[in-house]
Amino acid sequence: MKILYFGGQKSGKSNLAEQKTLEISSKKPYYLATYDNSFNDKEMHKRIDKHKLQRKEQFTTIEESKDLIKVLSKSKKEDTFLVDCMSMWLFNNIKQNEEYLINQLEEISKLDANIIFVLNDVNSGIIPFDSESRKFVDMTGIVGQKLAQICDEVYEVKLGLASRLK
Amino acid sequence: MKILYFGGQKSGKSNLAEQKTLEISSKKPYYLATYDNSFNDKEMHKRIDKHKLQRKEQFTTIEESKDLIKVLSKSKKEDTFLVDCMSMWLFNNIKQNEEYLINQLEEISKLDANIIFVLNDVNSGIIPFDSESRKFVDMTGIVGQKLAQICDEVYEVKLGLASRLK
Amino acid sequence: MKILYFGGQKSGKSNLAEQKTLEISSKKPYYLATYDNSFNDKEMHKRIDKHKLQRKEQFTTIEESKDLIKVLSKSKKEDTFLVDCMSMWLFNNIKQNEEYLINQLEEISKLDANIIFVLNDVNSGIIPFDSESRKFVDMTGIVGQKLAQICDEVYEVKLGLASRLK
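Not measured: the values here are computed from a predicted model. (Residues numbered from 1 in each chain as written. Chains lettered and ligands numbered in written order. Predicted model: local features only at pLDDT ≥ 70, side-chain atom pairs only at ≥ 80, totals over all residues. Heavy atoms only, no water.)

Moving on, we get to the overall build of chain A. Assigned secondary structure in chain A consists of six helices and seven strands. Along chain A, helices and strands appear, N-terminal first, in the series β-α-β-α-β-α-β-α-α-β-α-β-β. Taking all 166 residues of chain A together, the buried fraction comes to 56%. The long-range share in chain A, meaning contacts at least 24 apart out of those at least 6 apart in sequence, stands at 76%. (Helix = DSSP H or I, 4+ residues; strand = E, 2+ residues; numbered from the N terminus. Buried < 20%, exposed > 50% of the residue type's maximum accessible area, 1.4 Å probe, protein only. Contact = heavy atoms within 4.5 Å.)

Next up on the list: the sheet that holds strand β3 (residues 60–63) of chain B. Residue and element names in this part refer to chain B. What the seven strands build is an open sheet, ordered β3-β2-β4-β5-β1-β6-β7; its pairing is mixed. In this open sheet, the two strands that pair with only one neighbour each are β3 and β7 (161–164). Averaged over all adjacent pairs, the angle separating strand axes in this sheet is 25°, with direction ignored. Where strand β2 (residues 30–33) meets β3, four bridges bridge the pair, whose relative direction is parallel. Bridging across to β3, L32 finds its partner in I62. (Pairing = 2+ DSSP bridges. Axes fitted to C-alpha atoms, helices over the stretch in contact; angles between N-to-C directions.)

Here the focus is the interface of chain B and chain A. With 24 residues of chain B in contact, the opposing surface of chain A contributes 24 residues. Roughly 1800 Å² is buried in total at the junction of chain B and chain A, and carbon and sulfur atoms are behind 59% of that figure. Looking only at chain B, the three residues that lose the most surface to chain A are S124, I126 and Q145 of chain B, adding up to 32% of its buried area. The interface formed by chain B and chain A contains two salt bridges. D121 of chain B serves as the salt-bridge partner of K158 of chain A, at 2.6 Å between the closest nitrogen and oxygen. Where chain B packs against chain A, one counts seven residue pairs in polar contact (both at pLDDT 80 or more). Among the secondary structure elements, those contributing two or more residues to the side of chain B that touches chain A are β1 (2–7), α6 (131–150) and β6 (153–158) of chain B. Counting residues per element, the side of chain B that touches chain A draws most heavily on α6 of chain B, at eight residues. (Buried area = accessible area lost by both parts, 1.4 Å probe. Salt bridge = Lys/Arg side-chain N within 4 Å of Asp/Glu carboxyl O. Polar contact = N/O pair within 3.5 Å; in protein donor to acceptor, adjacent residues only side chain to side chain.)

Here the focus is the interface of chain C and chain A. Interfaces are frequently sized by the accessible area removed from exposure as the parts join. Taken together, the contact pairs 24 residues of chain C with 23 residues of chain A. A buried area of about 1800 Å², summed over both sides, lies between chain C and chain A, and 59% of it is on carbon and sulfur atoms. Our enumeration of links across chain C and chain A arrives at two salt bridges. Ionic pairing is found between E156 of chain A and K158 of chain C, a salt bridge with its closest N-O pair at 3.1 Å. Seen at the junction of chain C and chain A, the total is seven residue pairs in polar contact (both at pLDDT 80 or more). Elements represented by at least two residues in the side of chain C that touches chain A include exactly α2 (42–55), α6 (131–150) and β7 (161–164) of chain C.

Each copy of the chain is related to the other by a rotation around an axis and a translation along that axis. After a rotation of 120° and a shift along the axis of 0.0 Å, chain C superposes on chain A with an RMSD of 0.0 Å. Each copy turns onto its partner about a three-fold axis. Closest to the rotation axis within chain C is the C-alpha of G125 of chain C, separated from it by 2.3 Å. (Least-squares fit on C-alpha atoms with pLDDT ≥ 70 in both.)

A word on the pattern of salt bridges. Tallied over the entire structure, the rule returns 23 salt bridges over all chains. A salt bridge links E153 of chain B to K20 of chain B; the nearest nitrogen and oxygen atoms lie 3.4 Å apart. A residue pair is termed long-range when its members are at least 10 positions apart, and E153 of chain B in strand β6 and K20 of chain B in helix α1 (residues 13–24) qualify at 133 residues. Across this residue pair, the class does not change: E153 of chain B and K20 of chain B are buried. Because the salt bridges share partners, they merge into one network encompassing K20, E153 and R164 of chain A.

The next subject is helix α6 (residues 131–150) of chain A. If you check α6 of chain A, its first and last C-alpha atoms are 28 Å apart, about what 20 residues at 1.5 Å a residue would give, namely 28 Å. Counting buried residues along α6 of chain A, 14 of its 20 residues qualify, which places the element largely inside the surrounding structure. (Expected span 1.5 Å × (residues − 1).)

To continue, consider the confidence of the model for chain A. If pLDDT is low for a region, its predicted coordinates should not be looked at in detail. When pLDDT is averaged along chain A, the result is 93, and 89% of the positions lie at 70 or above. Reported confidences for the modelled complex are a pTM of 0.93 and an ipTM of 0.91. (pLDDT = per-residue confidence, 0-100.)

Quick look at the structure:
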């Protein structure tokens, strides 16, 4: 089973995705963290540490900022992964072309493991002036549509409340 | 009863919140305006005047830009308040810490009066570069999740149309 | 019948609007392209060419960047138009006043032809600093509410998935 949680900044999407992951896992699930630790962003580190603390001992954490296939291809049918988040993965792969990214998602869709994805909604504001931000917004839409396609369930999260879209 | 209307810029959320307030009030409701009049923003003033005119004589207006408890704690069970809007309240209290803001909402949740809240959705666009805007977006999400928690009904408004989230 | 598809950047709204147009047309529908070709924007041209190719031979394309009435007033009851997109039309008419734009939509609502509209959701991000962007966001909300009012069906599109709002 593949599930997508999609929502804006501080919408509570990660919390709901974590709950869902714990609900559907028959054994200890994996937390696939896509944050690139080589960035020296104190605010982000603080956020992540707070988050890690919240997750406590319920997940086994794996860090992989770019190549999800490398981690997920070793998975077994009974494994459950929470990929938090796909926006960071996209950001870390922004220099890759569309075909490469879509292809990664197609490879992932063939795996038997349960995978819960988290994706930031950045698409409903004014179109950014700078071309890099614009590319990130566009690619979020393109990657998001593909993710929704390969997922069995898709939820939009607003204010900590989930609405099922698929 | 506590009710939240959440929506983007010019989504029609204030109009729907006003209608709801008038529907559920057994007597003349209060309009709790959170706009800080000390700002010298002509465009905003124009907007507000237009809005005031629309509300006519249906509400008793109270102005309080920061301390909602000061006003609401004097309320009685049969009173109904429209707080328009919580984004302006958050903006005016942005230097307060998260704990203070969440605590204010918890105090409000204990009151017997009917309160209808309006909140701007600013969370589904690209994450702003400047740290102040980013803080405002984050705090909108955090305050919004808490508001949704303490409310009996939550509506998202798009294009003047409300969808119930809770 | 009048139908509105509303969604963020790369949400898949144009694709769904195209499918709907083809479904409800009894004869070859018109594609009313509102893009102003006088802009020399290579990226936009590339996007448009890709889009044109996708539409193949299923539509008769008409280009009109500003005056929709000029084109649509000649329509007959059995005609179906896809107007892609109303955001570009708004952008090209941004110097017009609100009354003029609302009036155009009222004129359109009286026509017997089937019209499917596409509109960008730009309203759920942080309010832009520059006054021109802010005006575009505000006018999108105002025009969007009016469009929703004159339409029989309104859909919000996220990740290629449509939710009916009306």
